[in-house]
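So you can see what is in the structure, the chains are spelled out below.
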Amino acid sequence: MSAESVKARVEQVYREDSRRILATLIRLLGDFDLAEEALHEAFFVAVERWQRDGVPDNPRTWLVSTGRFKAIDVLRRRARFKASRPLLIAQLEELEQADWSDEDVEDDRLRLIFTCCHPALAADAQVPLTLREVCDLTTEEIARAFLSAPATIAQRIVRAKAKIRDAKIPYQVPSLAELPERLDSVLRVIYLVFNEGYSASVGAELTREELTREAIRLGRLLVELLPEPEVMGLLALMLLHESRRPARTSDTGELILLDEQDRSLWDAGMIAEGCALVERALTFRRFGPYCLQAAIAAVHAEAPTAGETDWPQIVGLYDLLLRAVPSPVIELNRAVALAMRDGPLAGLTVVEDILARGELQDYHLAHSARGQFCRQLGRVAEARSAYERALALTQQEPERRFIEGRLRELE
């Protein structure tokens, strides 16, 4: 293979499998920083070796093995020079004797999520650590998701890694007895991963398919491990949202709203699977927020056209969701459904009340919704002001172009 084709293949493997490889290296090495160093060393070696020897049949196994040997070399060097030589030698011997197979790799990211979400870690560090280590989001991307400074997020991640190392937090999926109490933070992490892929916080692309695909894969693993209603609800919710991906943007990358999408492009297989999961979850009669959100998505998915959507049912489901999880974002989503049922003035009233309370002032979708309702009511000056505020807040290029288009329509 040419140097260019090998480089392209290495980049593809890194993009698709690097976090899975990292998860396995963390399990084998018991050290986040050493595993990250070994990962990058392995990919560096791959660029040279694969040109000479060809791409291996199983690149992931090759990279894990190479990273492991690189880590052994690092530990040998440290053992020669550091005062903690006996501990390093013990760690080295354990690593050299460790047995693993490629079959173990499949569950390593799930193990890593539970490790990152261990209750011994600070609550405000669990999700950032998981998004960084499991999904390769940068500290800047995570900071934007949490409306925090990148330096603050970086400090949380460093402290969490140190806690895992010093407290010897086990790298394993909890027992069934422990699992329910550990589940909430894990579900939250998986959904945050999905959301970053479904609607990227920044950048030229609306979506990051590798993240939504990975979140769904993790959701499937979790359903297999613990078929609880909320686990099924989350997987259903992700599948139903992901089913719309082909219709969410035009051929030129422009954003298309739900009511304007070509529903023939929606993935019927994902919709069928998602709706079946919703029905199965609701039979438990324990309705959590993921089940309710999935039920709302199912109503949208089952409507043949936007005009045939059962808006009264959606508003009713949002009422239940608000009682279960009071949130201004859920209230905003309910306002959109309310406007579809009762008209734009009903939606505008709710959105303006949210903003008057000082909530969602920096959330571009709140101002975009206000602009849409004012536009529908013919209140042009207010619509322009709202869209300009939304434009100033969004950092995603397709959304920026969409809002700019709305502003041009008001001229």
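Residues numbered from 1 in each chain as written. Predicted model: local features only at pLDDT ≥ 70, side-chain atom pairs only at ≥ 80, totals over all residues. Heavy atoms only, no water.

Asker: Teacher, can you tell me more about the overall build of the protein chain here?
Answerer: Of the regular secondary structure elements, the protein chain holds 19 helices and zero strands. The C-alpha radius of gyration computed for the protein chain amounts to 24 Å, which stays within 12% of the reference 22 Å derived for 411 residues, consistent with globular compactness. Principal axes of the C-alpha set define a box for the protein chain whose edges measure 75 × 50 × 40 Å. Taking all 411 residues of the protein chain together, 49% fall into the buried category. (Helix = DSSP H or I, 4+ residues; strand = E, 2+ residues; numbered from the N terminus. Rg over C-alpha atoms; globule rule 2.2 N^0.38 Å. Buried < 20%, exposed > 50% of the residue type's maximum accessible area, 1.4 Å probe, protein only.)

Asker: I keep staring at the nonpolar core and nothing clicks. Help me out?
Answerer: Soluble globular proteins tend to bury their nonpolar side chains together. Counting 122 residues, the largest nonpolar core has Leu25, Leu63, Leu112, Ile190, Leu222, Met238 and Leu240 as its most contacted members. If we ignore the near neighbours within four places in the chain, the residues touching leucine 240 are Met270, Ile271, Gly274, Cys275, Val278, Ala294, Ala297, Ala298 and Ala301. (Core = buried A, V, L, I, M, F, W, Y, C linked by side-chain atoms within 4.5 Å. Contact = heavy atoms within 4.5 Å.)

Asker: Whenever I open this one, helix α10 (residues 209–225) confuses me. Can you help?
Answerer: For an α-helix, the turn length of 3.6 residues means that residues three or four places apart are oriented alike. Taking 1.5 Å per residue, 17 residues should reach 24 Å; α10 reaches 24 Å between its end C-alpha atoms and fits that length. For α10, the set of buried residues is Leu211, Thr212, Glu214, Ala215, Ile216, Arg217, Leu218, Gly219, Leu221, Leu222 and Val223. (Expected span 1.5 Å × (residues − 1).)

Asker: In this structure, what is going on with the environment of alanine 390? I would like to understand it.
Answerer: Mapped onto the elements, alanine 390 comes out in helix α18 (residues 380–393). With 103 residues separating them along the chain, alanine 390 and phenylalanine 287 place their C-alpha atoms 34 Å apart. If we ignore the near neighbours within four places in the chain, the residues touching alanine 390 are His364, His367, Ser368 and Ile403.

Asker: Would you mind showing me how to read the packing of α10 against helix α11 (residues 229–242) here?
Answerer: Relative placement of two packed helices is described by the angle separating their axes and the distance separating the axes. Packing of α10 against α11 leaves a shortest axis separation of 9 Å and a crossing angle of 150°. In this view, α10 runs roughly antiparallel relative to α11, as classed from their interaxial angle. Seen from above, α10 lies across α11 with left-handed handedness. Side by side, α10 and α11 meet where Glu209, Thr212, Ala215, Ile216, Gly219, Arg220, Leu222 and Val223 of the first sit next to Val231, Met232, Leu235, Met238, Leu239 and Glu242 of the second. Broken down by class, the residue content of the contact of α10 with α11 amounts to nine nonpolar, two polar and three charged. (Axes fitted to C-alpha atoms, helices over the stretch in contact; angles between N-to-C directions. Parallel < 35°, antiparallel > 145°, perpendicular 65-115°, else oblique. Left-handed = near helix turned anticlockwise from the far one by under 90°. Nonpolar A, V, L, I, M, F, W, Y, C, P; charged D, E, K, R; others polar.)

Asker: It is not clear to me how the pattern of salt bridges should be interpreted in this structure. Could you clarify?
Answerer: Working definition: two side chains of opposite charge can pair if their charged atoms are close together. With the rule as written, the count across this model stands at 27 salt bridges. For the salt bridge of lysine 161 with glutamate 36, the shortest nitrogen-to-oxygen distance reads 3.3 Å. With lysine 161 in helix α8 (residues 150–166) and glutamate 36 in helix α2 (residues 32–53), this residue pair connects regions lying 125 residues apart in the sequence. A single burial state applies to lysine 161 and to glutamate 36, both of which are buried. (Salt bridge = Lys/Arg side-chain N within 4 Å of Asp/Glu carboxyl O.)

Asker: For this particular structure, what's the right way to read unusual backbone geometry?
Answerer: Residues apart from glycine generally show negative phi values, whereas peptide bonds are mostly found in trans. Its identity as a non-glycine residue notwithstanding, lysine 168 has a phi of 50°, on the positive side. By secondary structure assignment, the location of lysine 168 is in the loop between α8 and α9 (179–198). Here leucine 360, not a glycine, exhibits a phi torsion of approximately 60°, which is positive. Among the structural elements, leucine 360 can be located in the loop between α16 (344–356) and α17 (364–376).

Asker: Looking at this model, I keep getting lost on the packing of aromatic side chains. Mind explaining?
Answerer: We describe a pair of aromatic rings using the distance from one ring centre to the other and the angle between the two ring planes. Taken as a whole and judged by the stated rule, the model has four aromatic pairs. Seen in terms of ring centroids, tryptophan 50 and tryptophan 62 are 5.5 Å apart; in terms of plane orientation they differ by 70°. Their pairing is edge-to-face. Within this pair, whereas tryptophan 50 is found in helix α2, its partner tryptophan 62 is found in helix α3 (residues 59–81), the two being separated by 12 residues in sequence. Arranged with centres 5.7 Å apart and planes meeting at 90°, the rings of tyrosine 191 and tyrosine 290 form a pair that is edge-to-face. Of this pair, tyrosine 191 sits in helix α9 while tyrosine 290 is found in helix α13 (residues 289–302), placing the two residues 99 residues apart along the sequence. Take tyrosine 191: its relative accessible area is 13%, and that puts it in the buried class. When its relative accessible area of 13% is taken as the criterion, tyrosine 290 is described as buried. Taken together through their ring pairs, the aromatic side chains of Tyr191, Phe194 and Tyr290 make up a single cluster. Its end group placed over the ring of phenylalanine 69, arginine 68 keeps NZ or CZ at 5.5 Å from the ring centre. The ring of tryptophan 266 carries the charged tip of arginine 244 above its face, separated from the ring centre by 5.8 Å. (Phe/Tyr/Trp six-rings, centres within 6.5 Å; stacked < 30°, edge-to-face > 60°. Lys NZ or Arg CZ within 6 Å of the ring centre and 35° of its normal.)

Asker: I keep staring at the environment of aspartate 53 and nothing clicks. Help me out?
Answerer: Mapping aspartate 53 onto the fold places it in helix α2. Among the polar contacts made by the side chain of aspartate 53, one reaches the side chain of arginine 52 at a distance of 2.9 Å. (Polar contact = N/O pair within 3.5 Å; in protein donor to acceptor, adjacent residues only side chain to side chain.)

Asker: Would you take a moment to explain α11 for this structure?
Answerer: With 14 residues, α11 extends 20 Å between its outermost C-alpha atoms, agreeing within 8% with the 20 Å of an ideal straight helix rising 1.5 Å per residue. Where burial is concerned, most of α11 is hidden: 14 out of the 14 residues are buried.

Asker: Sorry if this is basic, but what is going on with the packing of α9 against α10 here?
Answerer: Two numbers describe how α9 lies on α10: the axes approach to 7 Å, and their chain directions differ by 160°. One way to sum up the angle between α9 and α10 is to call them roughly antiparallel. Viewed along their axes, α9 and α10 form a crossing whose handedness is left-handed. Every residue of α10 that contacts α9 at Leu179, Leu183, Val186, Leu187, Ile190, Val193, Phe194, Glu196, Gly197 and Tyr198 is listed here: Leu211, Thr212, Ala215, Ile216, Leu218, Leu222 and Leu225.

Asker: Please clarify how the confidence of the model for the protein chain should be interpreted in this entry.
Answerer: Interpreting fine coordinate detail is not advised for predicted regions of low pLDDT. For the protein chain, per-residue confidence averages 86 on the pLDDT scale, and 90% of positions sit at 70 or higher. Of all secondary-structure elements in the protein chain, the lowest mean pLDDT belongs to helix α4 (residues 85–97), at 51, while α16 reaches the highest, 97. (pLDDT = per-residue confidence, 0-100.)

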